[in-house]
Amino acid sequence: MGKSRTKRFKRPQFSPTGDCQAEAAANGTEGEEDDGPAAELLEKLQHPSAEVRECACAGLARLVQQRPALPGLARRDAVRRLGPLLLDPSLAVRETAAGALRNLSACGGFEVCDDMVTKDIMTPLVALLKECSAGLDSNEMSPQEKKDQNRNSIENIANEAMNVLWNICECSSRAVSIFNKEGCLEIVLKYLSRFSTNVDLAISVAYCLQTVTEDNPELLNSFTAPALHVLESAMLSPVSSMDYILLKTLVAGTVWNLKDIIPSKSQAEIINAILKILSEVLEVDAGEIVIQMKEAETQRLKAAAETEEIRENANGDDLIEDDEMEEVPHKRKVRRKTFISDLLPPTDKELREAMALLTAQQTALEIIVNMCCSEDPSDDEWEELSSSDESDAFMENSFSECGGQLLSPLCLSHEVHTAFTNYLIPKKIFEKTAFPNSIAVDLCSRSPTWKSLVRKMNTIQCRALVCLQSLVSLLDVDHLGGAAALQTLAQHLSQLLFSQPDFAKHVDFLEAISSALRALLQTMASKNISQCMTPDQLMTLCTAGIHSSNTGVRVNVVSILGITGSVLAKEDGTLETLKTIGCFLLEVATKDPSLVVAGEALDALFDVFADGKEAERASIQIKLLSALKEFQPVFKTKIRKEGRGKYSPDQLCVLDNVKMNLRRFVAYQETVEKRLTT
């Protein structure tokens, strides 16, 4: 029903230890609903011993990852009980309490996060962030060793608290309002400025900033020149480790959100700075990096095991005696590490680096999609306020001057199109649409701790396909490489699709690739570029897709049929194919449970049978007119009865247009039938 639009990406809910339900299933606890552990742990939160309170928080951090446990925790007011512990006298308790709330906010989703705001978690959370900020500034601690130890604890607490804040702000507009009101921006920017000494904390801040700066004009007004300079420093960091690649990518996303307040003379520089970072991220061969990191981990663990064996052989029985003697003094320290590791992402450095790169690439692709989805001012406005030579400027000193006229939101003008091309963005996105490296997938699949990376690699492919859809819809054919490049792209997508015999089972992949194909075929049809899918391939895709439970997939496949059919209608010798397409679309229009899909199918019918001798003959032979006349009152009734309860105002508006076009199309088909049968 009209030209497809790409959705903006919101980041998925973060799970500190992977997928929450998958984690529970792996532990054999998926179906547990026993309220006993929750009650006992919550009771211990009030214990006078800090160690007991810490252990209770750590236990809750694990428990909240079991989805069946969440209702019981809500009934027992877990948030109100955990909240005060964010300001507990013990730093260890603060950290584990923040970790438990982090897991709760990550695994509980939107409803839980909104409930956390209702139960006033933001008050102690903001207070904790302010105390951590003050603690990092304090120089009163001594000796130096104790000071460094406390500083590390404070930074760990701040990192946990930032993740709670990020999760809640992602899910609750009320939390974002409190963020604005309480002046949290200054605090989190202070944390971000420490990126050179604590990149993990800086990454957590960058995630949060990317969330709170989106569609938040009130906060944008709070960004001063020094604040922008902090972002610039992080974005231009020369360090190239995987953690820093992720950090720079996230900051680039934040800077894009700030485009409304960037001075006009710096706009082109900012575009180039952002796209340079995204281009460098996508340049990396993630599959090869995963293989290298997995091999490095294997070698490290092997060397550690050999060293341990040598040490044991050298010490003999003395080692056992020493361990027994050390057991009591070290008991608390060992238990502390065990609990905290339950709250944090994987601590294996190779796995962390691989995950950081994959997350950076996924984020880069999502930023590009969001750039393509920005609300655009007119091209005239852009041309009036910028000059063509600015597109060659680079990033240095891009934030140094904050005076001058400000632009309304950037659009994907010719300048931005050129920047996309200069940084080979379309080419790099095309490369990411390929299936993940099979060796990397095999290595990760055989390791329980690395298995989540397989899903991450598949997600990157899907994001790249959605990104491709956006670029094909928005860029000029010349910026995409010309007609030959589009035909090559169509062949590539067809090969991707049909190399998977069970492609219909992979819903995310099917939705992404059908969206990309829809946009590509639409562009090719509008430019009279011959299409590469055979009728058999087309019907195979549509037959599989129309049975998908995903409405988006069904909309895409009927749209693809409409686009292809409208091209075939103008050619000779396509009668049988047009009859097949017509019967298929009629079946969908009259029987699909979704009015959106039915409306798209009707729209496709209008396109296919609007013109052409073969289309007219086909319409008569499949009795299109009588079928549509019979369905017309049914469609009208379904809109009236189901519309307001199930569909958005925009969808209803489109459906009303389809209903009106159906009436006109029926009248047109009556004239066609009369002419051909008399």
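A quick note: this is a predicted structure, and the numbers were derived from the prediction, not measured. For every chain, the first residue of its written sequence is number 1, and the numbers climb from 1 along that sequence. In keeping with the predicted nature of the model, local features appear solely for residues at pLDDT of at least 70, side-chain atom pairs appear and are counted solely at 80 or more, and the whole-chain, interface and lining totals rest on all residues. With hydrogens and water stripped out, all remaining heavy atoms of the structure feed into the side-chain values.

Structural notes on unusual backbone geometry
The backbone of aspartate 120 sits at a positive phi, close to 65 degrees, despite the residue not being glycine. Secondary structure elements follow DSSP: runs of H or I of four or more residues count as helices, runs of E of two or more count as strands, with numbering from the N terminus. Mapped onto the fold, aspartate 120 is located in the loop between helix 6 (91–118) and helix 7 (122–137). Each residue is placed in one exposure class: buried if its accessible area under a 1.4 Å probe, protein chains only, is under 20% of its type's maximum, exposed if it is over 50%, and partly exposed if it falls in between. For aspartate 120, a relative accessible area of 40% gives the class partly exposed. The residue asparagine 528 is not glycine, and still its phi comes out positive at about 55 degrees.

What about the environment of leucine 258?
In this structure, leucine 258 sits in the loop between helix 14 (242–257) and helix 15 (267–283). Along the chain, leucine 258 and proline 217 lie 41 residues apart, while their C-alpha atoms are 9.1 Å from each other. Whether two residues are in contact is decided by their heavy atoms: any pair within 4.5 Å suffices. When near neighbours in sequence (up to four residues on either side) are disregarded, leucine 258 contacts Thr213, Leu220, Phe223, Leu228 and Leu231.

Description of the packing of aromatic side chains
To pair, rings of Phe, Tyr and Trp, with the six-membered ring standing in for Trp, must have centres within 6.5 Å; the planes then decide the type, stacked if under 30 degrees apart, edge-to-face if over 60, and tilted in the middle. Going through the model one piece at a time under the given rule, you end up with six aromatic pairs. Arranged with centres 6.1 Å apart and planes meeting at 85 degrees, the rings of phenylalanine 498 and phenylalanine 503 form a pair that is edge-to-face. Residue class for phenylalanine 503 comes out buried when judged on its relative accessible area of 5%. Judged by centre distance (6.0 Å) and plane angle (45 degrees), the rings of phenylalanine 665 and tyrosine 668 are tilted. In this pair, phenylalanine 665 and tyrosine 668 both sit in helix 32 (residues 649–677), three residues apart, roughly one turn of the helix. For phenylalanine 665, a relative accessible area of 6% corresponds to the buried category. Here the aromatic residues Phe606, Phe665 and Tyr668 are joined through ring pairs into a cluster of three or more.

Considerations on the side chain of asparagine 556
Tracing the backbone shows asparagine 556 in helix 27 (residues 551–568). Assessed through its relative accessible area of 6%, asparagine 556 is described here as buried. If we skip the residues at most four places from it in the chain, asparagine 556 touches Glu511, Ser514, Ser515 and Arg518.

Quick word on the environment of leucine 41
Here leucine 41 shows up in helix 2 (residues 36–44). For leucine 41, a relative accessible area of 16% puts it in the buried group. Taking the C-alpha atoms as reference points, leucine 41 and alanine 78, separated by 37 residues in sequence, lie 9.8 Å from one another. Setting aside chain neighbours within four positions, we find leucine 41 in contact with Ala56, Gly59, Leu60 and Leu63.

Observations regarding the pattern of salt bridges
Side-chain pairs of opposite charge can arise whenever the charged atoms involved come near each other. A pairing counts as a salt bridge when a side-chain nitrogen of Lys or Arg comes within 4 Å of a carboxyl oxygen of Asp or Glu. All chains considered together, the criterion is met by 29 salt bridges. Between aspartate 77 and lysine 119 there is a salt bridge, and its shortest N-O distance comes to 3.3 Å. In this pair, aspartate 77 is assigned in the loop between helix 4 (70–75) and helix 5 (78–82) and lysine 119 in the loop between helix 6 and helix 7, connecting sequence segments 42 residues apart. A relative accessible area of 24% means that aspartate 77 is categorised as partly exposed. Judged by relative accessible area, lysine 119 falls into the buried class, the value being 16%. Here arginine 94 and glutamate 131 are joined by a salt bridge, their closest N and O atoms 2.9 Å apart. Taken together, the residues span a long stretch of sequence, with arginine 94 in helix 6 and glutamate 131 in helix 7 at a distance of 37 residues. A residue is classified by how much of its surface remains accessible, and arginine 94, at 11% relative accessible area, is buried.

Quick notes on helix 18 (residues 349–372)
Residue count minus one, scaled by 1.5 Å, sets the expected span of a helix. Taking 1.5 Å per residue, 24 residues should reach 34 Å; helix 18 reaches 35 Å between its end C-alpha atoms and fits that length. Among the 24 residues that make up helix 18, 20 are buried, leaving the element largely enclosed by the rest of the structure.

Considering the confidence of the model for the protein
Think of pLDDT as the predictor's per-residue confidence, scored from 0 to 100. Mean pLDDT over the protein works out to 83, with 82% of the residues at or above the 70 mark. Below a pLDDT of 50 lies the segment residues 319–346, which in the model reaches 39 contacts outside its immediate sequence neighbourhood of four places, other chains included.

Looking at helix 3 (residues 50–63)
With 14 residues, helix 3 extends 20 Å between its outermost C-alpha atoms, agreeing within 8% with the 20 Å of an ideal straight helix rising 1.5 Å per residue. Within helix 3, the full set of buried residues consists of Arg53, Glu54, Ala56, Cys57, Ala58, Gly59, Leu60, Ala61 and Leu63. N or O atoms within 3.5 Å of each other form a polar contact, as long as, within protein, one can give a hydrogen and the other can take it, and as long as residues adjacent in sequence are counted only when both atoms are side-chain atoms. At the N-terminal end of helix 3, a side-chain oxygen is found 3.3 Å from the backbone nitrogen of glutamate 51, two or three residues along, and the residue is serine 49.

Topic: the state of the cysteines
Disulfides are defined as cysteine sulfur pairs within 2.5 Å. Tallied over the entire structure, the rule returns zero disulfides. Just so you know, cysteine 208 is unpaired, no disulfide at all, and the nearest cysteine sulfur is the one on cysteine 169, 5.0 Å from it.

Looking at the packing of helix 28 (residues 575–591) against helix 30 (residues 613–621)
To get an axis, a line is fitted to the C-alpha atoms, and for a helix only the part in contact is used. The angle between two axes follows their N-to-C directions and goes from 0 to 180 degrees. Packing of helix 28 against helix 30 brings their axes to within 9 Å, and their N-to-C directions diverge by 50 degrees. Between helix 28 and helix 30, the interaxial angle falls into the category oblique. Of the two elements, helix 28 crosses helix 30, and the hand of that crossing is right-handed. Residue-level inspection shows Leu575, Leu578 and Lys579 of helix 28 in contact with helix 30, the latter providing Glu614, Ala615, Arg617, Ala618 and Gln621. In this count, Pro and Cys sit with the nonpolar residues alongside Ala, Val, Leu, Ile, Met, Phe, Trp and Tyr, while Asp, Glu, Lys and Arg are called charged and the others, Gly among them, polar. Broken down by class, the residue content of the contact of helix 28 with helix 30 amounts to four nonpolar, one polar and three charged. Note on terminology: angles under 35 degrees are roughly parallel, angles over 145 are roughly antiparallel, angles of 65 to 115 are roughly perpendicular, and the others are oblique. Left-handed describes a crossing whose near helix is turned anticlockwise from the far helix by less than a right angle; the clockwise case is right-handed.

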